[in-house]
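Per-entry structural report
The residues making up each chain are set out below.
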Amino acid sequence: MKKTMLAASLCLASGLALAEGELQEQATFPFTTVVAPSTKVTIELDKNTVKATLPGWDEQVLFDIEPLEGEEAGRYPVAQVGDFNFDEMQDIAIQDGIGYGGVNVFYRVFLWDDKANKLKEFATPVSNPVLDGEKQTLVSAQRSGPLWYSTEFRAEKGKLYAAMDTEMIPFGDAVLDYVVFKNAAGKVTGTKIVGESSDDQAVDYAKAASATATIQVDKAPLYDKPDSAAKTKMYVIKGDKVTLLDWKAKEGGFGEGWFLIRYQGKKVIEKWLESSSLSQG
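This write-up is about the structure you can find in this document. Keep in mind it's a predicted model, so treat the numbers as computed, not measured.

**Topic: the overall build of the protein**
Each helix and strand counted, the protein has 0 helices and 23 strands in total. In the protein, the share of contacts with a sequence separation of at least 24, taken over all contacts with a separation of at least 6, comes to 39%. Here the protein has roughly 15,400 Å² of accessible surface; of this, 47% comes from carbon and sulfur atoms.

Right, dumping it as structure tokens:
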């Protein structure tokens, strides 16, 4: 899964606004940022408590930071400033944890509410945030073992929602991306399994073709659902080509699970089968 981290070169503390989709890192506290025209907010660290000084000198306590331990002890948190919900105001994300040897950096995001004149915390923490101003997306990605998982947030009237979840599926010598699409109400609107990209460009999952696979066993039974008790009398045979539509991992089995497949024979069949029945191509 190819990720491109965006860098910013404009300084908010001097009163300049960030271009859409840029992030400005603040590595020291206190710092002051312009969140809206003629509106500044100062973020400071009072021992382990993160506080914001709002217009009119009102104080807002944001959260308490857990003391870092081990090799991370003594490190200060980092903040990222940018327009996280694409409402033309600047928001603040503050580091609140590090995982997987420093690969995953977790942030709590505070969105500027101009009507309430204060910061409001976004309900979902983000990891390694990436903003895309052109697509108006916020991507949160984290690694677990050798695999990456990500959520793409989109904004609707200034409110962020999880529009797409992506996870990597080990498949033979390759890796597939399992994508779940959702609407603003949180309802799943579709799923797709996509093969690895052959270039350095980000994959447009909505337009990408679904991955295909080949049956590698003599006879692969088909199931009505991803459950061994739901076996049907139907099957596909070695060499048959199928399209991968959906995925359900098995508990405790790395890369083991069930694929919902589409087989085009005399008629179209959509059933589940075990991933061990398939090979690439």
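So, next bit.
**Quick word on the pattern of salt bridges**
Following the criterion strictly, the structure yields 10 salt bridges and no others. Ionic pairing is found between D46 and K51, a salt bridge with its closest N-O pair at 2.9 Å. Given the relative accessible area of 35%, D46 is considered partly exposed. On the accessibility criterion, K51 (15% relative accessible area) is buried. The closest approach of N and O atoms between D224 and K271, which form a salt bridge, is 2.5 Å. In this pair, D224 is assigned in the loop between β18 (219-223) and β19 (231-237) and K271 in strand β22 (residues 268-274), connecting sequence segments 47 residues apart. Residues participating in the shared-partner salt-bridge network are D46, K51 and E59.

**Comments concerning the sheet that holds strand β15 (residues 174-182)**
One open sheet holds the 6 strands; their spatial order is β11-β12-β13-β14-β15-β16, and the pairing between them is antiparallel. Edge strands, defined here as strands with exactly one partner in the open sheet, are β11 (130-132) and β16 (188-194). Averaged over all pairs of adjacent strands, the angle between their axes in this sheet comes to 20°, without regard to strand direction. Relative to β15, strand β14 (residues 159-171) runs antiparallel, the two sharing 8 bridges. Along β15, the bridge assignment pairs I169 with L176.

**Comments concerning the side chain of D83**
Position of D83 relative to the elements: it lies in the loop between β6 (79-82) and β7 (91-99). We note that D83 is buried and unpaired, the nearest opposite charge coming from R154 at a distance of 14 Å. A polar side-chain atom of D83 sits 2.8 Å from the main-chain amide nitrogen of F86. In this structure D83 touches E88, M89, Q90, D91 and L131, once residues within four positions along its chain are discounted.

**Some words on the environment of N128**
Topologically, N128 is positioned in the loop between β10 (126-127) and β11. When its relative accessible area of 13% is taken as the criterion, N128 is described as buried. Separated by 13 residues in the primary sequence, N128 and A141 place their C-alpha atoms 5.8 Å from one another. Here A141 takes part through its backbone oxygen, which lies 3.0 Å from a polar atom of the side chain of N128.

**What to know about the sheet that holds strand β3 (residues 39-46)**
Sheet architecture is open: 4 strands sit in the order β2-β3-β4-β5, paired in antiparallel fashion. The sheet terminates laterally at β2 (31-36) and β5 (59-64), the two strands that pair on one side only. Across the sheet, the axes of successive neighbouring strands diverge by a mean angle of 25°, strand direction being ignored. Pairing of strand β4 (residues 49-53) with β5 involves 5 bridges; the strand directions are antiparallel.

Conventions we followed
- Residues numbered from 1 in each chain as written.
- Predicted model: local features only at pLDDT ≥ 70, side-chain atom pairs only at ≥ 80, totals over all residues.
- Heavy atoms only, no water.
- Helix = DSSP H or I, 4+ residues; strand = E, 2+ residues; numbered from the N terminus.
- Contact = heavy atoms within 4.5 Å.
- Areas by Shrake-Rupley, 256 points an atom, 1.4 Å probe, with all protein chains shown as cover.
- Salt bridge = Lys/Arg side-chain N within 4 Å of Asp/Glu carboxyl O.
- Buried < 20%, exposed > 50% of the residue type's maximum accessible area, 1.4 Å probe, protein only.
- Pairing = 2+ DSSP bridges.
- Axes fitted to C-alpha atoms, helices over the stretch in contact; angles between N-to-C directions.
- Lys, Arg positive; Asp, Glu negative; His and termini not counted.
- Polar contact = N/O pair within 3.5 Å; in protein donor to acceptor, adjacent residues only side chain to side chain.

Note that every value here comes from positions in space, so none of it alone points to a role or purpose.
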